[in-house]
Every structure is written in C-alpha cells, then in structure tokens.
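Close look at the chain arrangement
The lines below spell out each chain.
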Amino acid sequence: MSQVSDIDESLYSRQLYVLGHEAMHHMKKADVLIAGMRGLGVEIAKNVILAGVKSVTVQDEGIASWEDLSSQFYLEESSIGQNRAQCSLSKLLKLNPYVTVSAHTGPLHENLLAQFQVVVLTNSSLDEQRKIGKYCHSSGIQFITADTKGLCGQIFCDFGEQFEVADWNGVPPVFGNPGIVTCTDKHEFQDGDFVAFSEVLGMTELNSCGQVEIKVLGKPYTFSICDTSLFSEYEKGGVATEVKMPKMFHFQALHDAISNPQMVMTGYGKTNKHHTLHLAFQALHCFVKRAGRLPKPRDQSRTVVQPTAPPEAQLELDEDIVRKFAFTAQGNLGPVNSFIGGLAAQEVLKASSRKFTPVQQWLYFDALECLPEEEEEKEEVRLLTDRYDGQIAVFGKAFQEKLGKQKYFLVGTGAIGCELLKNFALIGLGAAEDGHITVTDMDSIEKSNLNRQFLFTSEDIGRLKSETAMQAILKMNPSMHITAHQNRVDPESEEVYGNKFFSSLDGVAAALDNLEARVYLDGRCVQHQKPLLEGGTLGTRGHTTVVVPFLTDSYGVPGSSLQKAIPLCTLKNFPYLIEHTLQWARDEFEGLFKQVPENVNQYLTDHEFLQRTLERGEAGALEVLAQLHGSVGSQRPAVWEDCVTWARLRWEILYNNDIRQLLHCFPPHQMTSSGLPFWSGQKKCPHPLTFSPNNATHMDYIIAAANLYAQIYKIKGTRDRNTIREVLEKVHVPSFTPKSGVKIHVTDQDMEKDKENVDTAHLLKLKNELASTPGNSTTLRMHPIEFEKDDDTNFHMDFIVAASNLRAENYGIPPADRLKSKLVAGRIIPAIATTTAAVAGLMCLELYKLVQGHRRIELYRPAFLNLAVQTCVFYQPLAPQLFTVSDQFNCKSVWLCIPSHRNPPAGGFCRQSSGGNLPVTFARGKGCMPSGQNAQEYAIEIQIQLSE
C-alpha cells in the first residue's frame, strides 16, 4: 500500500472510510478544471475542493447577475457586475488548505485544457460541449458536463475508451469459510466473485493458490470453486476472503453518445421520461442558439422547445414534460444544483481516484412534481430584479412570499445541517419579516468536521456549531431571520421546545446522526401535527424521508437494530473478527476508566448506592463491589510506579493467564459430544502471549493503560519509554497455574442461567467491608474519563489499538491499523461531502411541496441513493393505515382525530382551535399512547373513555 503519511487523517478521517488511502492518493495527483461559476459550478467546486484533489481551477467569463444569487452561495449583492469566478475565489480558497485553487477569467482553449486530468463544463452551449468533449476524448482527459434548467438536470461522463476501476462498488470484502465450500454462516458472495483462502488445515494448497473464481450454489451457505481432486485431504478451518478485481468501463465521445445514449435511470419505469429530457435539453440548446436567450418563464408556446425523436428510436415524447421543462428553463434553483452538483462532484472524484462505478454515460433528473398542483397564470411569474429571481421564474412571486413567512426548526448543524442552511438561505426560507428559522446543535467544531461541514473553517475550531453556522448563513443572505440554540432535543428540553414552540412552527427539518433522536423528534412532530423533513447519509449512500400530517405515515419507531449485537460469549472468549476484539477493547476502556470511577464516586456520595447495587442482582453486585473495594482500599495506587505495575499485571491477566485458563478448560484437541472438534468454524483456538518490553505493541498497551489509570486517580504519568522500562524491571509478576473446576460459558444462554451461581460468602464479605463509607471520601474521589476518539494525545485510541491487536494476536486474527480501529471502536459514520449535498438538495425539493401544501401523496418522493454505483431510487411514501372503530369514529394509526364535543380522556390532549375536531396525536409508543400498545387498541380505548 502507498505511504499514508502525507494524508491528514485528522481532517479526512470520515472520508477515508469511504474512499480509502489508495483512492485518496490518486486524487491528490489530480488537477481539475471546472468551467462555469453559477450555482451548479460552485456547488461542484465546493465538493471537489473539500474532497482533497491536488488543484481546482474555476473558469468563467461571465459577470454576476441578480438571478445568480438564487443558487450561487459565494456571491453577494456587491458581486453583481463582477466576474463570477473571481468573486468566488476567496471563499473557495478557505475550504481546504491542501488544495490549490485558482481562477481563470478568459476563454477555454486547448493549451489550458491540456493542463488538467479532469475537465467539467457547466452552463455551456452544446457546441462548446461537442468541441471540448472531442478534444478531451482524444487527449485522454476525463470529461464531464453537468447542467440544470429549472427543475431538471443532466450529467454526462466520458472517461475514455478504456477506464479501469479498482473497486467498483466500495463494499468491504466479504468473508466466508472453505470441489464445494460450506460456510459456517451465510455468505454474501455472488457468481463470478473471486476469493483467496487462508488458515485452511489439510488442503493447504488452497492457502497459496491465489484468487479463485467461485460459483454460488443454491444454498446461502455453499459455493463451488476450482477442481480440488489433486489437493490434499481437507481437515478443518479456513477463511475465504473476497478479492476485489479491477473492472473496465468503455465510453463514447459526446458526439457519438448524443445519438446513441446510454442512461442511468433515476427511478424505475422512467425510460421514456429520461429519453424525452435527453431530446428536450438538445432542443433547448437549439432555441438558445437561435433566440440568444432562454424561454421566458411560463411561455407555453409549442414553438419554444421542439424536440424530435429519431425514427429508429421508437420513442413517444412526453409532451407534458417538454412543456413544463420549457416554461421553467429560466429557473435557477439551489436545491436542484445541490443535488446535481453532489452527483457531478462524485463523478469528478471517480475520474481522479478510479474508485466506484462512473455514470455511463447520461443521467437525467427532474422534480417537475414540485410545480403547483394547479398551474398558475403566466402573468404571475414576473422577475423582480432581486436575489430570488431564479426561483420566482419557476414558482412565481406569491410562492416566494409564502417561503419567506415560514417558521422552521432545524435540528443539527453537522454536514447535512450546513447544507440545509445553505439551501434555506438561497431559497429565502424564513427571510420575510414574519418568518424565522430556529436551529439547535450542542456540539462544537472539530477539525474532522471541516472536510464536510463547509460553513466552518479552521479558524472556527472550538466554536459552537449553531452560532457559527448562523453567522455564515447571514453573510450568504442578510435577510434571514435565524436564532441559534445549543440544546439537545430530548425530553429534558421540552421546557424550551414545548407545546407553544411547536405550535408556532410550520415544519421541522432533522439533520441528526442517530436513530433515537430521529424517532423522538418524529414523535414531537406527530404530537403537534407538523411536517418533518428527514435525511441521513452513510458514506456514498443517502436517504430522504418526508412526513406529512394526515397524508403519510410517520417516521415511526424502529424495529430491530440493523446491526447485530455481538454475543457476549463471543466477545469474552471466542472472538473471530477484528470487530470483536475492538468492541472488547472499547468495553475494557469503558469499564476500567469510566464505569469504575463513576461507581466509586456514587458510593462515596450516595448512601443508598450500595443497597441499590445489591438489589440489581447478585452477579452484577459482586463485580461492582469487588471493583469498589479495590479502588478505595489497599489496591489504590499512590504513585506513578503503582500505575505501571497495575498495567503490567493487567496485561498478564488478559493476554496470558485468561488464555491459559481457557485452554485448560477447552484444550486444543477438545472434541464436542457430537464427535466434532470444539475449536473449529468460528471458534479460533487461541494461544497465550509472553510479555516483552522490546515488542512495540506490548509497550504501547503498558504506556496507554498506565497513563489512563493514573488519570482517574489524578497521578501524573509519562510517555518516556525508558523510564517505564525501568519500572517494569522491578515488577513482580506472580506465576499462574490454571484451575480445575472453573466454568467458562460457551453461549450467552449458559451465561444467563449461571447468574444465580454466585459466591455469596465473598459478596457478603465485600458488603460488610463497604458498609461504612470511608471518612476521607473527598480524597478518594476518582476522575472518570469520557472516551474521545479524535484526540491523538489523550491515550484513548492508543489503548484501544494496542488492547485490540494484542487480543487479535491471541486468536490469530489479522490486526487493524489505527484508522480502522477508530472507525469501529469510535462508532464513526463514514461521510463525504458529495452525498450530504445531494441529500440536502432532495430534502429541500420536498420542502417546496410542503410549503405549497401538496395534498396528493404521489407527488412526494422519498429517496434512496448510492453515489458509488449511481443508484437513485424515488418512491411514494406510505399512507397511514386506516381503520374504523365505530360508524362515527374513523381513525388513522398515526394522525388520530377525536370529535371535539367530547372531553379528552385523562392524560389530556391538546386543543388547537375551537370548533371542528380536537386533534389527538400519537406515534407508536410516543406522546399520549402508552408504549407497547398499538394504534388500533389505543383508539378503541379512547372511544370507550369518550362513551363513558
């Protein structure tokens, strides 16, 4: 693998989990030209610069106009009349110190183009696209065009006649266990995949035969490989690891691809729509070339744009799409540019990194369903020479005024939150005198945020996200009315975000990174009958959801976790993946350096703590009391040398003694009652380690563990290895002999059953000794440590990496580097700016519909996308389930109405207006409905109470 020292992992960490070091190194060599600095061009440039290519040159000969302010977030009113590229340069320069950014204000020519590996055209004529596309194709330059017109967009890619991709989908290699191979668990291989074998006993030829193509058999546990008849006889074990094979792609030049288009479908069953847009964009270019302008807003003349399908295409044009495309073409919308710009920027990264599947070759998108359900008169759309002209050209002045009056609550100003605020400023949400945006985020800005959260710069590190984001947005659009809070949105903040607050809102946008918070916020929206926009990302994958009162189902309570919990016995005794040892190491950290100090402090200050602990079960109580006894008794360290001694003895217990005891209970050749080897399949037979001060990982553990142990007792530590070695030489390590009669649990069920078998005598002894709180309780207080993954000086990740890799060595598991360890132990969500921009754009397109009050469910389009393989799926949201309790009482499972002439049952419901219906709202275990009771049962209960 390439050297990684020149990649700033503290800045790029989340993106590295998406792209990897090799792809990032390719990107760092790429010079990129982006032509056209209107809204789409600047969106692409922003995302590409954040990603970390070598250089970006932005080119534009044009000058800024009022219309540009609708989507060009780096232009101000003072920029009007000046060159767009030059005006954007100062802000683009601040995005990433590792990227050289420059502006070119002259025309494009071949000498200029030859300096770049990737060329992107936006806001260009078809003639220019053909000319530059031809040059790039013949010169081996990756060529991309992107364009948006109103509510429609297109992307075209030409990466040459042969373009090899090392990793076409970005999915981590699949593991399986090994004629016919039967796995101990379901595999995820596909026909044609290649695997490499390791750790096979008996048929050892497999371990050295390189990659082998497989064929998946009918059952999900089996697959076939090459002829193994001449190999040795198979005994047991083995791991099959997927080998990612390069994939070759072939591209046509633009002039050929226009007449013979290959298309990526954004949604199912839309082939005719995409081909119609393909022809409509070409016809629009012809109109602009002929008339010297775009069609006027709402100009429905059939002669404006006249696409013609070639006879051999056997295509029936969608006249409605052509008409709407033509009369909105003058529009310039921030959300559309955000979405298309995110996708196009990802194509730039594919071209420069050779990772993921590029678009082949055309991608079309439309959001024409955002238009009013009932079309407005042409006279409504009159441009006013202000910053929203690009939006008024599509929706009209009345809608712009309605947007300005909105009151919205944005929860979260991370990556998606920053992108949403950008779009809010561009479209003027809450920018009128009686409009308002409330934003809350309790976090402060860290360096790792800067790679995606573009509203922040290195100068902002340590500042509050919400305050900083608010200030950045006010610079984009000084008319915005926005208030920044630093509150977590949960039951504890309901005094701030109570009934009065929610009742004043028009809607809520969630930019959260955890499921629990999303579900809670959804419940509050259902309770107060407010629409909710929600979106999330995971690397190149993203989703959007829209919840509309009485029209769609709510976000709801999640089912079972998407991530399987690792069985405790696997963590404790039988790990077989590095993820298991990393989770074990994280549990060690939490137990030793957080939970024990917290328990000690509660014991010292709360006289009821001991009794409460005993009431929770004897097994748990024995563990807690033993830890308390050691921490306040004779085992408490007094000086630094005691901490080193503790770390050395802890090492011996974990990596030698415990393993020897396990092997004493289950020897390497142990057989099960069925006559099969005990140590087989996912049970890896471990081996004990012998400590050596010359082993770097051994010393890494001692240094980190000793320093962390010293911190919880407020003892000064050191990193000096020589000093620590001198202390280690004096440590007496007791000899260990495995004991007979020790029971080691093989399953979690055995562990649960055995909870009753507790050494009650020892528990009673500890209870009596701890019954009286020590008189010197103040000096015995400890200092719990909160795990922080992004500070490389605090020993936290040092401990995790060393502890995990030592345990991995015990079990013959390949170790993990620091980056992989941080991902798993820190529970980091991989992220990249391109996906967040695209998701935020889609969320704001749904916002258009909410503000207009669309009431047809088929007009709303939640989405799932994966930019790695350019998958965009739009679907219709689920309607709430309907059921009838009585002839006079119809209910919806989420949005529940009760006749207002009845008094609400005990517990109360909120009356929002006199007369009409009294709205009663709940969402599956939230609000007024008791947890665990379904909607129908609860509605029947309400009806009974009303009848009483």
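If you check an unreviewed UniProt entry, the protein chain appears there as Ubiquitin-activating enzyme E1 from Scleropages formosus. The record held by UniProt for the protein chain lists under Sequence similarities (unreviewed entry) the comment "Belongs to the ubiquitin-activating E1 family."

**Some points on the pattern of salt bridges**
Taken as a whole, this structure holds 39 salt bridges when the rule is applied. Where Arg818 meets Asp798, a salt bridge forms, and the shortest distance between an N and an O atom there is 2.8 Å. Residue Arg818 is located in helix H27 (residues 818-825), and its partner Asp798 is located in helix H26 (residues 796-811); the two are separated by 20 residues in the primary sequence. A relative accessible area of 28% means that Arg818 is categorised as partly exposed. Looking at Asp798, the relative accessible area reads 18%, which means it is buried. Within this structure, Arg38, Asp60, Glu67, Asp68 and Arg84 form a network of salt bridges that share partners.

**Focus on the nonpolar core**
Nonpolar side chains in soluble globular proteins tend to end up buried together. Core analysis: the biggest nonpolar cluster contains 155 residues, and Ile44, Val119, Leu151, Phe339, Leu420, Phe424 and Leu455 have the highest contact counts within it. Val596, Leu662, Phe691 and Ala816 belong to the second-largest nonpolar core, a separate cluster that totals 77 residues.

**Regarding the environment of Leu455**
Topologically, Leu455 is positioned in the loop between strand E19 (436-440) and helix H13 (465-476). Leu455 sits 36 residues away from Glu419 along the chain, and the two C-alpha atoms are 8.4 Å apart. Not counting residues within four places of it along the chain, the set of residues in contact with Leu455 comprises Cys418, Leu421, Asp460, Ala469, Ala472, Ile473 and Met476.

**Here's the deal with the sheet that holds strand E24 (residues 863-866)**
The strand order across the open sheet built from eight strands is E20-E19-E18-E21-E22-E23-E24-E25, with neighbouring strands paired in mixed fashion. Edge positions in the open sheet fall to strand E20 (482-485) and strand E25 (871-874), since each of these has one partner strand only. Taken pair by pair, the neighbouring strands of this sheet meet at an average axis angle of 10°, ignoring direction. Both E19 and E20 contribute to a ladder of four bridges, which runs parallel. The residue bridging Thr440 from the neighbouring strand is His485, located in E20. Across the sheet, helix H15 (residues 515-527) touches strand E18 (407-411), strand E21 (507-510), strand E22 (532-538) and strand E23 (541-547), and the angle it forms with E22 is around 170°. Set on the sheet, helix H28 (residues 833-852) makes contact with E18, E21, E22, E23, E24 and E25; between it and E22 the angle comes to about 165°.

**A closer look at the environment of Val801**
Structurally, Val801 can be placed in helix H26. Classification of Val801 by relative accessible area gives buried; the value is 15%. In this structure the C-alpha to C-alpha distance between Val801 and Thr697, which are 104 residues apart in sequence, comes to 8.8 Å. Residue contacts for Val801: discarding those within four places in its chain leaves Ala816, Arg818 and Ser821.

**Some remarks on helix H21 (residues 696-712)**
The terminal C-alpha atoms of H21, which comprises 17 residues, lie 25 Å apart, in line with the 24 Å expected from a rise of 1.5 Å per residue. Within H21, 13 of the 17 residues are buried, which leaves it mostly tucked inside the rest of the structure. For H21, the side-chain oxygen to backbone nitrogen distance between the N-cap and Thr697 is 3.0 Å, and the N-cap itself is Asn695. Once H21 ends, the next one or two residues include Lys714, with phi positive near 60°.

**Considerations on the pairing of strand E6 (residues 152-158)**
The buried fraction of E6 amounts to seven of the seven residues, a majority that puts the element mostly inside the structure. Of the two faces of E6, the one lined by Cys152, Gln154, Phe156 and Asp158 and the one lined by Gly153, Ile155 and Cys157 are each fully buried. Note that strand E5 (residues 142-149) and E6 share seven bridges and pair antiparallel. Looking at the pairing, Thr145 lines up with Phe156 of E6. Once E5 ends, the chain turns through two residues before running back antiparallel as E6, passing Gly150 with a positive phi of about 60°. Examined bridge by bridge, E6 and strand E17 (residues 362-366) share five bridges and lie antiparallel to one another. Following the sheet pairing, Gln154 is matched in E17 by Tyr364.

**Re the sheet that holds E5**
What the eight strands build is an open sheet, ordered E3-E2-E1-E4-E5-E6-E17-E16; its pairing is mixed. The outermost strands of the open sheet, each flanked by one partner alone, are strand E3 (100-104) and strand E16 (263-264). As judged from the five bridges shared by strand E1 (residues 31-35) and strand E2 (residues 55-59), these two strands associate in the parallel manner. Within E2, the residue paired with Leu33 across the bridge is Thr57.

**Let's talk about the packing of aromatic side chains**
We describe a pair of aromatic rings using the distance from one ring centre to the other and the angle between the two ring planes. In this structure the tally under the stated criterion is 37 aromatic pairs. A centroid spacing of 6.2 Å and a plane angle of 85° characterise the contact between Phe409 and Phe502, whose relative ring orientation is edge-to-face. Of this pair, Phe409 sits in strand E18 while Phe502 sits in helix H14 (residues 499-503), placing them 93 residues apart in sequence. Comparing Phe409 with Phe502, the two get one shared label, buried. Measuring from ring centre to ring centre gives 5.1 Å for Tyr709 and Tyr713, while their planes differ by 70°; the resulting arrangement is edge-to-face. For Tyr709, a relative accessible area of 9% gives the class buried.

Conventions adopted
- Throughout this description, residue numbers start from 1 for each chain and increase along the sequence as written.
- Selection of residues for local features in this predicted model requires a pLDDT of at least 70, selection of side-chain atom pairs for listing and counting requires 80 or more, and totals for whole chains, interfaces and linings are taken over all residues.
- Think of the side-chain values as coming from all heavy atoms in the structure, minus any hydrogens and water.
- UniProt positions are given in the numbering used here, feature names are shortened, and annotations may be inferred rather than shown by experiment.
- Salt bridge criterion: a side-chain nitrogen from Lys or Arg within 4 Å of a carboxyl oxygen from Asp or Glu.
- Each helix is a run of H or I in the DSSP string that is no shorter than four residues. Each strand is a run of E no shorter than two, and both are numbered from the N terminus.
- Relative accessibility thresholds used throughout: buried, under 20% of the residue-type maximum; exposed, over 50%; partly exposed, between the two (1.4 Å probe, protein chains only).
- In plain words, nonpolar cores are sets of buried Ala, Val, Leu, Ile, Met, Phe, Trp, Tyr and Cys residues tied together by side-chain atoms within 4.5 Å.
- Residues are treated as being in contact if the distance between any of their heavy atoms lies within 4.5 Å.
- When DSSP locates at least two bridges between a pair of strands, those strands are taken to pair.
- Only the contacting stretch of a helix is used when fitting its axis, a line to C-alpha atoms as for every element, and angles between N-to-C directions run 0 to 180 degrees.
- Under the convention used throughout, the expected extent of a helix is 1.5 Å for every residue step, that is, one less than its residue count.
- N or O atoms closer than or at 3.5 Å make up a polar contact, with two conditions inside protein: a donor-capable atom paired with an acceptor-capable one, and, for residues adjacent in sequence, both atoms drawn from side chains.
- Here a Phe, Tyr or Trp ring, Trp counted by its six-membered ring, pairs with any other such ring whose centre lies within 6.5 Å, and the pair is stacked when the planes are under 30 degrees apart, edge-to-face when over 60, and tilted otherwise.

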